[in-house]
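# A structural walkthrough
Read off the chains here:
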Amino acid sequence: MNGSTQAHPDTLFRPMTDPFGRTIRYLRVSVTDRCDLRCFYCMSEDMTFLPKADLLTLEELDRLCSAFVAKGVRKIRLTGGEPLVRRNVMGLVRSLSRHLTTGALDELTLTTNGSQLARFAQELADCGVRRVNVSLDTLDPVKFRSITRWGDIDKVLSGIEAARSAGLAVKINAVALKNLNEDEIPALMEWAHGKAMGLTLIEVMPMGDIGEGRIDQYVPLSLLRARLEKHYTLTDLADDTGGPARYVRVTETGGKLGFITLMTHNFCESCNRVRITCTGTLHTCLGHEDASDLRRPLRSSPDDDLLSAAIDRAIGLKPKGHDFIIDRRHNRPSVSRHMSVTGG
């Protein structure tokens, strides 16, 4: 993989700042819309995936990421779908790791469902990846298969242990699901904290048509926190990652617990991130239908002048915040695109 970026010298070290004064330093990149699971809150069972010809090549993804690094991005997270099902994805990871070596990038990480993690954990660590997020909503094998439609929880648990053995810090992400896993949250938290892993709870996101109503899945995290506080001491932390999570320390376990309250709290005031899909579409806000095509300027010129200008235009249009709602009247998502397309 070539991995070179030819950004115009004037773009180097000039931070990207949106119209509301927020500096963009965090890029989330979906390398594929495909996944080997079918979690019912994320995808329909009979998903139609993008033609492979529509996807950016790994070389193009590398050039695109590198252009953002040249413009001040300090953290890149690879997502999907499931990023580790993309053929030769480790070639992209190895190439992007050069920015860690030069100091241009502070962190290269990924979010995964864990199913392929046992195969790649050591290689990820060798490439300079220091931590991963693993999506896991339950420790119950029967519930896990129900949520994922055909997943094997033992593969995920083996992947988590492989990551820990490779020296990777692991954080568990769990979507709170009404009448399904909400009563299991304390046990999931104690399991994660017992293995020195953080846990972050996430409210259901109203994205994409999945064939069933979001209101049937949604439980507010304010309710779950109130339940936890009956049995645990939760102390708010001042941790500010620029991301959506708000963190507490759990006195009884010593671990950290995060809450991503997409529906009950708008966290946009500190948003420092943008997302790129596997087709080269830039979304500056998860909760808006905004879209800027970066594939065309990427492919129109061997240098990055057109690409850099397109990125600047898109950042200049970043909205102040999102307005996620669950449409109870029409039972439709706030945003039509699936999370697997946008990048988790």
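Residues numbered from 1 in each chain as written. Predicted model: local features only at pLDDT ≥ 70, side-chain atom pairs only at ≥ 80, totals over all residues. Heavy atoms only, no water.

### Remarks on the overall build of the protein
For the protein, the helix and strand inventory stands at 11 helices and 14 strands. Across the 344 residues in the protein, those meeting the buried criterion constitute 58%. By sequence separation, contacts in the protein at least 24 residues apart represent 74% of the contacts at least 6 residues apart. For the protein, the exposed area adds up to about 14700 Å²; of that, 50% sits on carbon and sulfur atoms. (Helix = DSSP H or I, 4+ residues; strand = E, 2+ residues; numbered from the N terminus. Buried < 20%, exposed > 50% of the residue type's maximum accessible area, 1.4 Å probe, protein only. Contact = heavy atoms within 4.5 Å. Areas by Shrake-Rupley, 256 points an atom, 1.4 Å probe, with all protein chains shown as cover.)

### Quick word on the pattern of salt bridges
With the rule as written, the count across this model stands at 17 salt bridges. In this structure, the salt-bridge partner of Arg22 is Asp18, at a minimum N-O distance of 2.6 Å. For the pair formed by Arg22 and Asp18, the shared burial category is buried. With its nearest N and O atoms 3.0 Å apart, the salt bridge here joins Asp236 to Arg225. Of this pair, Asp236 sits in strand 9 (residues 234–236) while Arg225 sits in helix 8 (residues 221–228), and the two are 11 residues apart along the sequence. In this structure Asp236 comes out as exposed when scored by relative accessible area, which is 54%. Within this structure, Lys75, Glu107 and Arg131 form a network of salt bridges that share partners. (Salt bridge = Lys/Arg side-chain N within 4 Å of Asp/Glu carboxyl O.)

### Digging into the sheet that holds strand 8 (residues 198–202)
The sheet built from 12 strands is open, its strands ordered 9-10-11-8-7-6-5-4-3-12-13-14 with mixed pairing. Sheet topology places strand 9 and strand 14 (292–293) at the edges, where each strand pairs with a single neighbour. Both strand 8 and strand 11 (residues 256–260) contribute to a ladder of 4 bridges, which runs parallel. Within the sheet, the bridge partner assigned to Ile202 lies in strand 11 and is Ile260. Seen against the sheet, helix 7 (residues 185–194) touches strand 7 (169–175), strand 8, strand 10 (246–250) and strand 11 and runs at an angle of roughly 150 degrees to strand 8. Contacts from helix 8 reach strand 8, strand 9, strand 10 and strand 11, with the element oriented near 155 degrees to strand 11. (Pairing = 2+ DSSP bridges. Axes fitted to C-alpha atoms, helices over the stretch in contact; angles between N-to-C directions.)

### Quick word on unusual backbone geometry
Of note, the bond from Gly80 into Gly81 is cis; its omega dihedral lies within 30 degrees of zero at 15 degrees. Here Gly81 shows up in the loop between strand 4 (75–79) and helix 2 (89–96). Notably, Asn179 is not glycine yet its phi reads approximately 60 degrees, a positive angle. Residue placement: Asn179 occurs in the loop between strand 7 and helix 7.

### Considerations on the packing of aromatic side chains
Taken as a whole and judged by the stated rule, the model has 1 aromatic pair. Considering the side-chain rings of Phe40 and Tyr41, the 6.0 Å spacing of their centres and the 80 degrees angle between planes classify their relative orientation as edge-to-face. With respect to class, Phe40 is no different from Tyr41; both count as buried. The ring of Tyr26 has Lys75 lying over it, and the distance from NZ or CZ to the ring centre is 4.3 Å. (Phe/Tyr/Trp six-rings, centres within 6.5 Å; stacked < 30°, edge-to-face > 60°. Lys NZ or Arg CZ within 6 Å of the ring centre and 35° of its normal.)

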